[in-house]
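Observations on the model geometry
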Amino acid sequence: MTENAIDLHAHTNHSDGSATPSELVALAKSNGARAIAITDHDTVAGLKEGRDAAERMGIEFVDGIELSAEYSPGTMHILGYYIDREHDRLRARLKELRAARDKRNPEIAARLQALAIDVQYDEVAALAGNEVVGRPHFARVLVEKGHATSIQDAFNRFLARGAPAYIDKKRLTPAESIELIHQSGGIAALAHPYQLKLSPEAMYRLVGELVEMGLDAIEAIYSRHSVAERESYTKLASRHRLLVTGGSDYHGAYKPDIELVKGLGDLEVPYSLLEPLKSKATYAR
């Protein structure tokens, strides 16, 4: 790990991570990061605290977000970097997503109760403690109450797509996600492309479609990408004239095998990737 390492994909307790923004920034610095981005799901609530902490600790900070996009059969997330967290349009759309989530989460609790599992929505919300309640919070309660042996076991048995308590959430389309990030001054990157579950040929076609929508970058360097996948996605970015990003996808206790900045132990995202992102973003600061 060099002193020029960065991490552009990390979550706090404002979405589905376990660390506060300040704790995350402190850990990033301790782990040798020169720059850190907070990319919570569908919220910017932790960005001010994160930036303030980064300024105190002398580490570069990137205001980010991770948006869930409509896609099947895999999972598509779009990362936004150097966004204006106070942008009116961004705030309005995030408020809409939160309203849909606030409706969905009690329904998950109701499904668990229908399975004779005593999980009350209020206790899940209290555990989350912030504006975003997500499935990891349900999973943690399930583990604490002895209904699952681990977070992953809770997802596999109850909360994952196709499991008995799963309820799909409202998502933006890929085009809407990219446009919203651009409207707020940011750079749009395709997160963890392996989760799309596509062949190389289909991946090439899909990325081409996303480029037509305005996609700026691909997260090629990622904790769960193999070395071969990192090389393949870097080449894919080059073929489409896209920038390359990278990050750990740190969630703290909710994904305990992934360490901030270091991923599964072999992750190293170079600082040199950051300057092209800053140069292209219209709101970079």
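For the structure, check the block above.
Residues numbered from 1 in each chain as written. Predicted model: local features only at pLDDT ≥ 70, side-chain atom pairs only at ≥ 80, totals over all residues. Heavy atoms only, no water.

Side note on the overall build of the protein
For the record, the criterion: Numbered from the N terminus, helices here are DSSP runs of H or I no shorter than four residues, and strands are runs of E no shorter than two. The globule rule used here is 2.2 Å times the number of residues to the 0.38 power, and the radius of gyration it is set against is calculated over C-alpha atoms. Each residue is placed in one exposure class: buried if its accessible area under a 1.4 Å probe, protein chains only, is under 20% of its type's maximum, exposed if it is over 50%, and partly exposed if it falls in between. In this count, Lys and Arg are taken as positive residues and Asp and Glu as negative ones, while His and the chain termini are left out. Charge positions are represented by NZ for Lys, CZ for Arg, CG for Asp and CD for Glu.
A tally of helices and strands in the protein yields ten helices and eight strands. Here the protein has a C-alpha radius of gyration of 18 Å; the compact-globule value for 285 residues is 19 Å, and the two agree. Projected onto its principal axes, the C-alpha positions of the protein cover 55 × 45 × 40 Å. Burial status across the protein gives 55% buried among its 285 residues. Positive and negative side-chain charges of the protein, numbering 35 and 41 respectively, have mean locations separated by a distance of 2 Å.

Remarks on the nonpolar core
Quick note on the threshold: We define a nonpolar core as any set of buried Ala, Val, Leu, Ile, Met, Phe, Trp, Tyr and Cys residues linked to one another through side-chain atoms lying within 4.5 Å. Only heavy atoms enter the contact rule, under which two residues are in contact if any of them lie within 4.5 Å.
Core analysis: the biggest nonpolar cluster contains 67 residues, and Ile36, Met76, Tyr81 and Leu274 have the highest contact counts within it. Not counting chain neighbours up to four residues away, the residues in contact with methionine 76 comprise Leu67, Ser68, Ala69, Tyr71, Pro174, Leu190, Leu196, Leu206 and Leu210.

Here we look at the sheet that holds strand E6 (residues 217-222)
What counts is decided by this rule: Two strands qualify as a pair provided that DSSP identifies no fewer than 2 bridges between them. Each axis is a line fitted through C-alpha atoms, taken for helices only over the stretch in contact, and angles between the N-to-C directions span 0 to 180 degrees.
One open sheet holds the eight strands; their spatial order is E7-E6-E5-E4-E3-E2-E1-E8, and the pairing between them is mixed. In this open sheet, the two strands that pair with only one neighbour each are strand E7 (243-247) and strand E8 (269-270). Here strand E2 (residues 33-38) runs beside strand E3 (residues 60-69); their pairing, made up of four bridges, is parallel. Note on E3: the bridge partner recorded for alanine 35 is glutamate 60. Where helix H2 (residues 47-57) meets the sheet, its contacts fall on E2 and E3, and the angle it forms with E3 comes to roughly 155 degrees.

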